[in-house]
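# Topology and contacts: notes
Each chain, written out:
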Amino acid sequence: MSEYLAVLVFLGVGIGMVLFTFFLARLIRPAHPYKAKNQSYESAEKPIGDAWVQFNNRFYIFALMFVVFDVEAVFLFPWAVAFGQLGLYALIEMVIFIAVLLFGLLYAWKKGVLKWV
Amino acid sequence: MQTDTVQLVFYLFSFLIIISAIYVVTLKNIFHSAIFLVLTLFGVAGIYILLHAEFLAAVQVLIYVGAVSVLMIFAIMLTTRLASREIKQSNEQVMAGIFICAGFLLASLGSFANTVWRVVDKPLPENNTLTLGQLLMNEYVLPFEVVSIVLLAALIGAIVLARKEGA
């Protein structure tokens, strides 16, 4: 448990550094807010609408596939830790596990999901 | 770590979870709510570490903080104009909501009070990720392989649904 004290200190220093930077910036910067400063940046043109635009729907399928393979990666961790004690049998099990998911990747590839149109 | 340090860290993380969870349900901008939900889930990972469930904490950070939040933020950004819109966080059902929440609180407090909490008398395994890996590869190998089928089904289902919409 005590090894996590270092993680906690790291977390605290990380958060503290950001807060300190913001505080320091607030101290030394001039403060002259006016409306035009809040406009979306549109190189020398008058902006139309705001900066929140609707993103392309194709991004979503990539996010979904990322979640699936992220879950797969999670299962790799305990396998990798225990692999030294388990040997060939565990290797075959993991090859089956990955092969099944490989079908999914091949399916996505074949359907052209991975291609950006 | 001493017990009181652990207790202090527990209270810190609980404070983080509760405050950010309140922000999730009260903020007017749904995008900000999603960001605070990430903070809530991260706090839960901290609680898992305190419970000696290191692997679960890693899974929490990888899957919930990493992947599921990306999915939610994408869903918000992909929906037309949702991110910049101010939404009302309450409706005319407030009173019914209060009653249901109070009832749920009473029911859970009652069951907490009546439960005999069993404590493991054996010492916990030193390296529980190792134990988990061994169990996954020996006793629970069939559920483990079924997980890959479930993931495959999820992947193919997502592709089929997304393709139909796109074409």
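Note that the structure is predicted; figures quoted are calculated from it, not measured.

### Let's talk about the overall build of chain B
- Within chain B one finds 6 helices and 0 strands.
- Walking chain B from its N terminus toward its C terminus, one meets helices and strands in the order α-α-α-α-α-α.
- Taking 167 residues into account, the globule formula puts the C-alpha radius of gyration at 15 Å, and chain B, at 21 Å, lies well above it.
- The buried share among the 167 residues of chain B stands at 29%.
- At a minimum sequence separation of 6, the contacts of chain B that also span at least 24 residues come to 58%.
- Carbon together with sulfur atoms contributes 72% to the accessible area of chain B, which is approximately 11200 Å² in total.
- Chain B carries 8 positive and 9 negative side-chain charges, and their two centres are separated by 17 Å.

### Here we look at the interface of chain A and chain B
- With 52 residues of chain A at the contact, the number on the chain B side is 53 residues.
- Summed over both sides, the interface of chain A with chain B buries roughly 4700 Å², with 80% coming from carbon and sulfur.
- On the surface where chain A and chain B come into contact, there are 0 salt bridges.
- Linking chain A with chain B are 1 residue pair in polar contact (both at pLDDT 80 or more).
- Counting residues per element, the ones that place at least two in the side of chain A that touches chain B are helix H1 (4-28), helix H2 (58-86) and helix H3 (88-110) of chain A.
- With 23 residues, the single largest contributor to the side of chain A that touches chain B is H2 of chain A.
- Taken together, the residues of the side of chain A that touches chain B break down into 39 nonpolar, 7 polar and 6 charged.

### Points about a nonpolar patch on the surface
Residues and elements named next belong to chain A.
- On the surface, Phe-55, Phe-59, Phe-62, Leu-102, Phe-103, Leu-105, Leu-106, Trp-109, Leu-114 and Trp-116 cluster together into a nonpolar patch covering about 970 Å² of accessible area.
- Elements with a minimum of two residues in the nonpolar patch: H2 and H3.
- Top contributing element to the nonpolar patch by residue count: H3, with 5 residues.
- Residue classification places Trp-109 among the exposed residues on the basis of a relative accessible area of 60%.

What counts and what doesn't
- Residues numbered from 1 in each chain as written.
- Chains lettered and ligands numbered in written order.
- Predicted model: local features only at pLDDT ≥ 70, side-chain atom pairs only at ≥ 80, totals over all residues.
- Heavy atoms only, no water.
- Helix = DSSP H or I, 4+ residues; strand = E, 2+ residues; numbered from the N terminus.
- Rg over C-alpha atoms; globule rule 2.2 N^0.38 Å.
- Buried < 20%, exposed > 50% of the residue type's maximum accessible area, 1.4 Å probe, protein only.
- Contact = heavy atoms within 4.5 Å.
- Areas by Shrake-Rupley, 256 points an atom, 1.4 Å probe, with all protein chains shown as cover.
- Lys, Arg positive; Asp, Glu negative; His and termini not counted.
- Charge placed at Lys NZ, Arg CZ, Asp CG, Glu CD.
- Buried area = accessible area lost by both parts, 1.4 Å probe.
- Salt bridge = Lys/Arg side-chain N within 4 Å of Asp/Glu carboxyl O.
- Polar contact = N/O pair within 3.5 Å; in protein donor to acceptor, adjacent residues only side chain to side chain.
- Nonpolar A, V, L, I, M, F, W, Y, C, P; charged D, E, K, R; others polar.
- Patch = residues over 30% accessible without salt bridge, like charges linked within 9 Å, V, L, I, M, F, W, Y side chains within 5 Å.

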